[in-house]
Amino acid sequence: MTFRTILIALLVIAGPTSPVFARGIPPVDVTVSGEASPELLADFRQALNRMANRQTNGAQPPSPARDEGLIDLEQFWKVEQDVPYAIGGDSPRQRLNITYPFEGEPPYRFIVHFHGGDWATGSRQSAANAPAYWAIYQGYAVVDVGYRLADKAQWPAQLHDAKAAIRFLRANADQYQLDAERIVVMGSGAGGHLAQMLAATNGDSAAQDPDMGYGDASPEVQGVVSWSGVSDITTMGEQGRTAADRLMGYPAYQSELALEASPVARVHENFPPILLLHGTNDRWAPFEQSARMAIRVNAATGRSTATLDLLINARHQDPRIGTKEIMSKSLNFVDRILFPDDGNPHRSTFYPGIQTTGTSEQP
């Protein structure tokens, strides 16, 4: 479905006199493909804003509060906790957890997950990461990576940490019973930004710090899943600009200097497959960022490398982005990369509740 088709459908189905405005429009999961001009994106945004304003009389509901609890790791059969990945790194943030799947045999294929939190909060065990742990019941190990936050280290420290974690996993794959031939990275918000940046800097030796260890191992990734991820530091929404400034150490909005931390400015012809999921009412990182990222990736690679899924009127940290349906869609994408030949034999409809505990964050 193209942007133009979606725009026409929205205007016809939910026009100014349509009775659906009186009772509210149910959430719509829209898959978007094809090309879109900046003008069409602007028209799409205006149409969505008009719909939202008619439903809420112009009032913007607050984003859901972030869950500050922790994943209860005792519910899983095997977890390697607090594994340091940076040689000489003295930050408790430079560690990772490996949670093994209930199905399959070693070496396990795995997903590397980066937590969100505006580059300023969150952790590798945050309860907000719970949707990623459904992958454990679908044949995948999950590696949750911590990274230094902006109050202790500014950009590009976070990218250096992410690259070091990937190198560590490749260099130590046998020890941890992992299949590191192909690696898919996943994240939401700030974590989605790091996942995109890893792909955008594939092959760029200047984007890593080999002194952090395992310099001979490859930090390249073969796939990306980004949930509400940041593609452009320089065009953050009003709610996200303070976080971007804190990360960069200077005003990042519309700054050419900040493009160094913007995946959309670093797209290349060998960009790996990427799935971008975004809510159209995201005021932290506007959905247009993911739309432009998808367009640029496909233009650079010359094929349908990027897939864009939009959730109409979903906000940043919206519960609809962390549902079983979205995770199943994400794992379908991951399966094509990590099980390219015969498919993932461990997929099922079993998505149990992920237990959380406590109210305080780990380091």
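Residues numbered from 1 in each chain as written. Predicted model: local features only at pLDDT ≥ 70, side-chain atom pairs only at ≥ 80, totals over all residues. Heavy atoms only, no water.

Novice: How should I be thinking about the nonpolar core in this particular structure?
Specialist: One recurring pattern in soluble globular proteins: nonpolar side chains tend to sit buried together. If you look at the biggest cluster of nonpolar residues, it comprises 66 residues, and the most contacted ones within it are Leu96, Val112, Leu178, Val185 and Ile233. Ignoring sequence-local partners within four residues, the contact set of Val112 consists of Val143, Val145, Ile166, Leu169, Ile183, Val184, Val185 and Met186. Counting residues in each nonpolar core, the second largest holds 32 residues, with Tyr137, Val184, Leu275 and Phe339 among its members. (Core = buried A, V, L, I, M, F, W, Y, C linked by side-chain atoms within 4.5 Å. Buried < 20%, exposed > 50% of the residue type's maximum accessible area, 1.4 Å probe, protein only. Contact = heavy atoms within 4.5 Å.)

Novice: Any chance you could explain helix H5 (residues 190–200) here in plain terms?
Specialist: Note: α-helices contain 3.6 residues per turn, so residues at a spacing of three or four share the same orientation. Counting buried residues in H5 gives eleven out of eleven residues, a clear majority hidden from the surface. The complete set of buried residues in H5 reads Ala190, Gly191, Gly192, His193, Leu194, Ala195, Gln196, Met197, Leu198, Ala199 and Ala200. (Helix = DSSP H or I, 4+ residues; strand = E, 2+ residues; numbered from the N terminus.)

Novice: Can you help me understand the packing of helix H4 (residues 157–171) against H5 in this one?
Specialist: If you want to describe how two helices pack, look at the angle between their axes and the distance between the axes. Where H4 meets H5, the closest approach of the two axes is 10 Å, and the angle between their N-to-C directions is 70°. Here H5 runs roughly perpendicular to H4, going by the angle between their axes. Viewed along their axes, H4 and H5 form a crossing whose handedness is right-handed. Where H4 approaches H5, its residues Gln158, Leu159, Ala162, Lys163 and Ile166 are matched on the opposing element by Leu194, Met197 and Leu198. Across the contact of H4 with H5, the residue classes tally to six nonpolar, one polar and one charged. (Axes fitted to C-alpha atoms, helices over the stretch in contact; angles between N-to-C directions. Parallel < 35°, antiparallel > 145°, perpendicular 65-115°, else oblique. Left-handed = near helix turned anticlockwise from the far one by under 90°. Nonpolar A, V, L, I, M, F, W, Y, C, P; charged D, E, K, R; others polar.)

Novice: Hey, could you run me through the packing of aromatic side chains in this one?
Specialist: Given two aromatic rings, one states the distance between the centres and the angle between the planes to describe the pair. Taken as a whole, this structure holds nine aromatic pairs when the rule is applied. Arranged with centres 5.8 Å apart and planes meeting at 80°, the rings of Trp134 and Tyr351 form a pair that is edge-to-face. In this pair, Trp134 is assigned in the loop between strand E5 (110–114) and strand E6 (141–145) and Tyr351 in the loop between helix H8 (324–338) and strand E11 (356–357), connecting sequence segments 217 residues apart. With respect to burial, Trp134 and Tyr351 carry one shared label: buried. Aromatic pair Tyr137 and Phe350: ring centres 5.5 Å apart, planes at 85°, arrangement edge-to-face. Within this pair, whereas Tyr137 is found in the loop between E5 and E6, its partner Phe350 is found in the loop between H8 and E11, the two being separated by 213 residues in sequence. The class of Tyr137 is buried, set by a relative accessible area of 12%. For Phe350, a relative accessible area of 48% puts it in the partly exposed group. Each member of the aromatic cluster is reached from another via a ring pair, and the members are Phe102, Tyr137 and Phe350. Across the ring face of Tyr100, the terminal group of Lys78 is positioned such that the distance to the ring centre comes to 4.6 Å. One residue, Arg241, lies across the ring of Tyr253, its end atom 3.7 Å from the ring centre. (Phe/Tyr/Trp six-rings, centres within 6.5 Å; stacked < 30°, edge-to-face > 60°. Lys NZ or Arg CZ within 6 Å of the ring centre and 35° of its normal.)

Novice: Explain the pattern of salt bridges here, please?
Specialist: If the charged atoms of two oppositely charged side chains come close together, the side chains can form a pair. Inspection of every chain in the model, using the stated rule, returns nine salt bridges. One salt bridge connects Arg124 with Asp82, and the closest N-O pair in it is separated by 2.3 Å. Taken as a pair, Arg124 in the loop between E5 and E6 and Asp82 in strand E3 (residues 79–84) lie far apart in primary sequence, 42 residues in all. Note that Arg148 and Asp161 form a salt bridge whose closest N and O atoms lie 2.9 Å from each other. Separated by 13 residues along the polypeptide, Arg148 in the loop between E6 and H4 and Asp161 in helix H4 bring together distant segments of the chain. Overall, Arg148 belongs to the partly exposed group, its relative accessible area being 21%. You can call Asp161 buried: its relative accessible area is 0%. Connected via shared salt-bridge partners are Arg315, Asp318 and Arg320. (Salt bridge = Lys/Arg side-chain N within 4 Å of Asp/Glu carboxyl O.)

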